[in-house]
Structures are given as C-alpha cells and as structure tokens.
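# Coordinates in review
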Amino acid sequence: MAVNVLMIADPGIDDSFAIIYALLNPKINLVGIVSGYGNTPKEQSVKNTAYLLTLGGRTDIPIIAGSAGPLLGEPIAFYPEIHGKEGLGPIKPPDTIQNVKVHDIDKILEIVTQYKGDLVIVSVGRLTELALMFILYGNDALKGVNAFYIMGGAFLVPGNISAEAEANFYVDPIAANTVMEKAHNIYLFPLNITNKALITPEIINFLSINSPTPFRPLLKPAFDYYYKAYQKNVPGIKGAPLHDVVPLMALTEPDLVKYIPRRVRVEEVGDGKGKSIADFRPNPDKEPVESLDHIGMEIDIQRFTVNFMEIFLQGDFNKE
C-alpha cells in the first residue's frame, strides 16, 4: 500500500527533484503540496509546483498556497545563484502555467481530516506553514498525522547558511522550534546525512538519456546549474546533494537511515539563530518519551543512489 503524503516544499531545484521523486515512486500517494516562500518567492514556488504537476499529468493533486514570509518578520533572502532566478536553474516555466487552482492554508486541515490516521507530512522547506497550524488551531491541530518527516537542522557539523545553522531552521527559527516542540513522531533529516546524499553528473547524464518519464528534459539543465553552484561553495565536490529527496526515500525505504532518539530544540534569536540543539552526551538528561525526536545520523549512500536511479528509470508517473 502506498503511503499518503502531504508535502511542504519551496521549489527550488532540490525540492523539485523531491517532488518528482514523490510523483514517480509507486510507494507514495501524493495527496497535496504546500508551496510557500523559501528558495523563491511564494508566487514562483506555486508556479513551479504547478509546472511539475502539469508535466507529470497530475493536476488532480491540490496545490496549497503557503506563507509569503517567516514568523520572525525579517527580510527574506533568495538564492538565485543556487536555484536560478525562477527556482529551476535555467528553466523558465511556460506562461501557459496560469490560472491554476490554488487552495488556502485551511486545505491542510481538510487533508489531515480526510486521511486521519493514515497520513505522513513531509516538509522539505521552511517550517512556517506547519507552525501556523499550531498557532492558529491549537496543539492538537495535526494529531491526525501519523508522522512528520522533516529536512532540517545540523548537529555537530557546520551549517549551510551560517556557521551553525541549516537554512530551513535559520530562516524561520521560531517556526522551527514551534514545530519541534509541538509536533509528534518527528523524523528529522539534518545536514549530517543529507550532505552525503550526492548524485553525480554521470548519473544525471544517464537518466537524461534513459529516464522514461516526462521530467527527463528537466533533469540535466536543472542539475547542472545546481552542481555548478556547489562546485563554487565546496571545491572538489564530486556531485550535488539532493537534500530533499532523503526524507521521502527514508519513508519508503525504512532501513536507509539510522536514527538517534533525542529531544530537539532550535535557537530562536541571537548569534546562534537557527542552531539545532540536542543532547548527544553518552548519558543525556532524561526527557519525556513523547518529546523525543528521531534524528537521522547515518545513511546508506549506496542504497540512496541505487533507489534514486530505480525510481527515475521505472517510475509510474501517472499513478492514481
């Protein structure tokens, strides 16, 4: 049976690969995508999501308009040098992607109610929308969700937007801390493992020739743009990390990642803004069991690579 998944994304090249992966994977039933600010402004994020769903023939999947900015209220920095001006590297979604039906944020609650007890939320963008659910509707707003798979954080390793913070936590640390404290059954995928989830140009070149899906023409130009940015930031890197594919793959391949149970908090202000904190001492302070999160600390990279290729080569892109 496929897992019902509500995604939160801000495409973005790696977010786009994650959305495509979810559409292609027969173990995932994508029931909605929340698109907000992040790698691009909210409006562009929604347009990119609509473009990917149109390419895949899945315009039946509802698009939910997310937030335009963080709870912190600070100005937003976008990253065209990494994701391109429009979020898909050199690719510009056609002007025909207009007049798309977009739902407001209440649609999240509707989907949670519809799939109560049979839904996983996978968040690969900022955490503003999830935090708003708790702020607007109370601590029990998302109790019908089975688990939360979240790409975010960095533990005992460098950040990617500041010395200590990962981007999804840094840009809206209030939201990140709210979600880590109020959501339940969280599986967290930090830079510790997502930085290792490298896909090489050789793999993309192979898929750009052999993938049977309608997304094939996007793969090489989008990836090459992304990889070029990583080569500048991390000299000598042999591929580009597809951070946002990791939680989706971990959901469908349970042995991919090994976890450590710890309570996670996020610094909200100051020089450590966005820093993710957990007690990794051999004998950590006792915390209530219900407050513990599953932190991914090891990943089977060979399995990641093989599964990625299998899905992009064999995916049933029109599954219902």
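A brief report on the enclosed structure follows. Owing to the predicted nature of the structure, the values given are computational and were not obtained by experimental measurement.

## Section: unusual backbone geometry
Looking along the chain, the bond that leaves Pro 11 and enters Gly 12 is cis, with omega of 5 degrees. Its location among the elements puts Gly 12 in the loop between strand 1 (3-9) and helix 1 (13-24). Within the chain, Leu 156 stands out as a residue other than glycine whose phi angle is a positive 65 degrees. Position of Leu 156 relative to the elements: it lies in the loop between strand 6 (147-151) and helix 6 (167-171).

## Notes on the pattern of salt bridges
Applying the stated criterion across every chain yields a total of 13 salt bridges. The salt bridge partner of Lys 27 is Glu 253, with a shortest N-O separation of 3.0 Å. Residue Lys 27 is found in the loop between helix 1 and strand 2 (28-35), and its partner Glu 253 is found in the loop between helix 11 (245-252) and strand 10 (257-262); the two are separated by 226 residues along the sequence. Through salt bridges that share partners, Glu 181, Arg 263, Arg 265 and Glu 287 make up one connected network.

## A few points about the nonpolar core
Ranked by size, the top nonpolar core spans 67 residues in total, and within it Met 7, Phe 17 and Phe 308 carry the most contacts. In terms of residues, this core owes the most to one element, helix 1, which gives nine residues. Excluding residues within four positions of it along the chain, Met 7 makes contact with Ala 18, Ile 19, Ala 22, Leu 30, Gly 32, Ile 33, Val 34, Val 122, Val 124 and Leu 248.

## Some remarks on the pairing of strand 2
Buried residues dominate strand 2, accounting for seven of its eight residues. Bridge count for strand 1 against strand 2 is seven bridges, and the pairing is parallel. Bridging from a neighbouring strand, Asn 4 pairs with Asn 29 of strand 2. Tracing the backbone out of strand 1, into helix 1 and back to the parallel element strand 2 gives a crossover that is right-handed.

## Quick look at the sheet that holds strand 13 (residues 293-299)
Spatially, the nine strands line up as an open sheet ordered 4-3-2-1-5-6-7-13-10, and their pairing is mixed. Either end of the sheet is taken by a strand with one partner, and the two such strands are strand 4 (102-103) and strand 10. Here three bridges tie strand 2 to strand 3 (residues 63-65), and the two strands are oriented parallel to one another. When the bridges of strand 3 are listed, Ile 33 appears paired with Ile 63.

## Some details on the environment of Thr 194
Take Thr 194: it is sitting in helix 8 (residues 191-194). Along the chain, Thr 194 and Met 151 lie 43 residues apart, while their C-alpha atoms are 8.2 Å from each other. Those residues in contact with Thr 194 that sit more than four places away from it in its chain are Met 151, Phe 189, Pro 241, His 243 and Val 246.

## Observations regarding the side chain of Gln 44
With respect to the element layout, Gln 44 can be found in helix 2 (residues 42-55). Classification of Gln 44 by relative accessible area gives buried; the value is 16%. When residues no more than four places from it in sequence are discounted, the contact partners of Gln 44 are Glu 86 and Pro 93.

## Points about the packing of aromatic side chains
Within the structure shown, the criterion is met by 11 aromatic pairs. Geometrically, the ring pair formed by Tyr 149 and Tyr 187 is stacked, given 4.7 Å between the ring centres and 20 degrees between the ring planes. Placement of Tyr 149 in strand 6 and of Tyr 187 in strand 7 (residues 186-189) is noted, with a sequence separation of 38 residues between them. The ring of Tyr 170 has Lys 273 sitting right over it, with the charged end atom 4.1 Å from the ring centre.

Reading the values: rules and limits
- Residues numbered from 1 in each chain as written.
- Predicted model: local features only at pLDDT ≥ 70, side-chain atom pairs only at ≥ 80, totals over all residues.
- Heavy atoms only, no water.
- Helix = DSSP H or I, 4+ residues; strand = E, 2+ residues; numbered from the N terminus.
- Salt bridge = Lys/Arg side-chain N within 4 Å of Asp/Glu carboxyl O.
- Core = buried A, V, L, I, M, F, W, Y, C linked by side-chain atoms within 4.5 Å.
- Buried < 20%, exposed > 50% of the residue type's maximum accessible area, 1.4 Å probe, protein only.
- Contact = heavy atoms within 4.5 Å.
- Pairing = 2+ DSSP bridges.
- Right-handed = clockwise from strand over helix to strand, strands pointing away.
- Phe/Tyr/Trp six-rings, centres within 6.5 Å; stacked < 30°, edge-to-face > 60°.
- Lys NZ or Arg CZ within 6 Å of the ring centre and 35° of its normal.

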